[in-house]
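Here's the letter readout for the chains.
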Amino acid sequence: MRKIVLLAGLIVLLGVAVLAQSPRIVPCIVDVGTAGADGKHLAQWQPRTAEKSVVKIAPGTELILPFSMPVDGNCVGSFTAFDDREEMAINYMNASGKTVSKQPKGDVEVLILDVPGMEARNKHEKFAASYSGGIVTDGKFSAELTAGDYFVVISNKHSDKIPKKIVFWFGSADKQN
């Protein structure tokens, strides 16, 4: 699960969660093509198999995940945010008598930005996002992107007191690991 490996090195620096080391940039779409009758590779691009990541974001910070689009295509994923304060957990007993803890929903902002958009955002200038769903508890994204480098930004900057836990799927929702 590459995403978990990438996310294992998170540190918080200047209010932004960043990767502690240079990550390998993962593609949002992958080539699943095969060799043709003449032995040459026939490219067939499709969304990557979704990989589940669970990340925690401190109040007032954000997580930035770089990714690439090797060719033009559709990048997809989904997310659900939870309030990560222990005292907010709801404990109940399930049918088998086991105590289960459930966190209430939280809210985050998820953006997909290209490199110029990310640079403009970092300078507090006007920018265009390939995806922006506003501040929500959960959502699915689907963005038609040209070949190039991009960033998924999961932001909790709007909340100065509540940490969030995010369940994040990056890739095709109908193919999950």
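Residues numbered from 1 in each chain as written. Predicted model: local features only at pLDDT ≥ 70, side-chain atom pairs only at ≥ 80, totals over all residues. Heavy atoms only, no water.

## Overview of the pattern of salt bridges
According to the stated counting rule, one finds five salt bridges in the structure shown. In this structure, the salt-bridge partner of glutamate 62 is arginine 121, at a minimum N-O distance of 2.8 Å. Within this pair, whereas glutamate 62 is found in strand 9 (residues 62-69), its partner arginine 121 is found in helix 2 (residues 115-122), the two being separated by 59 residues in sequence. Take glutamate 62 and arginine 121: they sit in the same class, and that class is buried. Where arginine 85 meets aspartate 83, a salt bridge forms, and the shortest distance between an N and an O atom there is 2.5 Å. (Salt bridge = Lys/Arg side-chain N within 4 Å of Asp/Glu carboxyl O. Helix = DSSP H or I, 4+ residues; strand = E, 2+ residues; numbered from the N terminus. Buried < 20%, exposed > 50% of the residue type's maximum accessible area, 1.4 Å probe, protein only.)

## Considering the confidence of the model for the protein chain
Mean pLDDT for the protein chain: 76, with 73% of residues reaching 70 or above. Within the protein chain, no element has a lower average pLDDT than helix 1 (residues 2-7), which sits at 28, and none a higher one than helix 2, at 94. pLDDT under 50 marks residues 173-177. Its contacts with residues more than four places away, or in other chains, come to 13 contacts. (pLDDT = per-residue confidence, 0-100. Contact = heavy atoms within 4.5 Å.)

## Topic: the environment of glycine 133
When you line up the elements, glycine 133 lands in strand 14 (residues 131-136). Residue glycine 133 is classed as partly exposed on the basis of its relative accessible area, which comes to 32%. The spacing of glycine 133 and glutamate 109 is 24 residues in sequence and 6.8 Å in space, taken between C-alpha atoms.

## Details of the packing of aromatic side chains
Counted by the stated rule, this structure contains three aromatic pairs. Relative to tyrosine 150, the ring of phenylalanine 67 lies with its centre 5.6 Å away and its plane at 20°, an arrangement referred to as stacked. Taken together, the positions of phenylalanine 67 in strand 9 and tyrosine 150 in strand 16 (residues 148-155) put the pair 83 residues apart, joining distant regions of the chain. Taking relative accessible area as the criterion, phenylalanine 67 reaches 1% and is therefore assigned buried. Measuring from ring centre to ring centre gives 5.6 Å for tyrosine 131 and phenylalanine 141, while their planes differ by 50°; the resulting arrangement is tilted. Here the residue tyrosine 131 occupies a position in strand 14, and phenylalanine 141 occupies one in strand 15 (residues 138-145), the gap between them amounting to ten residues. When sorted by exposure, tyrosine 131 lands in the same class as phenylalanine 141, which is buried. The ring of phenylalanine 82 is capped by lysine 165, whose NZ or CZ atom sits 5.9 Å from the centre of that ring. (Phe/Tyr/Trp six-rings, centres within 6.5 Å; stacked < 30°, edge-to-face > 60°. Lys NZ or Arg CZ within 6 Å of the ring centre and 35° of its normal.)

## Observations concerning unusual backbone geometry
Positive phi is not limited to glycine here, since histidine 124 has a value of about 60°. Relative to the elements of secondary structure, histidine 124 occurs in the loop between helix 2 and strand 14. The exposure class assigned to histidine 124 is exposed, which follows from its relative accessible area of 75%.

## Things to note about the nonpolar core
In this structure, Phe67, Ile112, Val152, Ile154, Ile166 and Phe168 are the most contacted members of the largest nonpolar core, which totals 23 residues. Among the secondary structure elements, those contributing two or more residues to this core are strand 8 (49-57), strand 9, strand 10 (73-83), strand 13 (108-114), strand 15, strand 16 and strand 17 (164-170). If you tally residues by element for this core, the top one is strand 9, at four residues. (Core = buried A, V, L, I, M, F, W, Y, C linked by side-chain atoms within 4.5 Å.)

## Quick notes on helix 2
All of the buried residues along helix 2 are Gly117, Met118, Ala120 and Arg121. When helix 2 is viewed along its axis, its buried side chains cluster within an angular range of 165° and face the same direction. Its buried side turned inward, helix 2 meets strand 9, strand 13 and strand 16. The N-terminus of helix 2 is capped by aspartate 114, whose side-chain oxygen sits 2.7 Å from the backbone nitrogen of glycine 117. Positive backbone phi, at 60°, marks histidine 124, one or two positions downstream of helix 2. (Arc of directions from axis to C-beta. Polar contact = N/O pair within 3.5 Å; in protein donor to acceptor, adjacent residues only side chain to side chain.)

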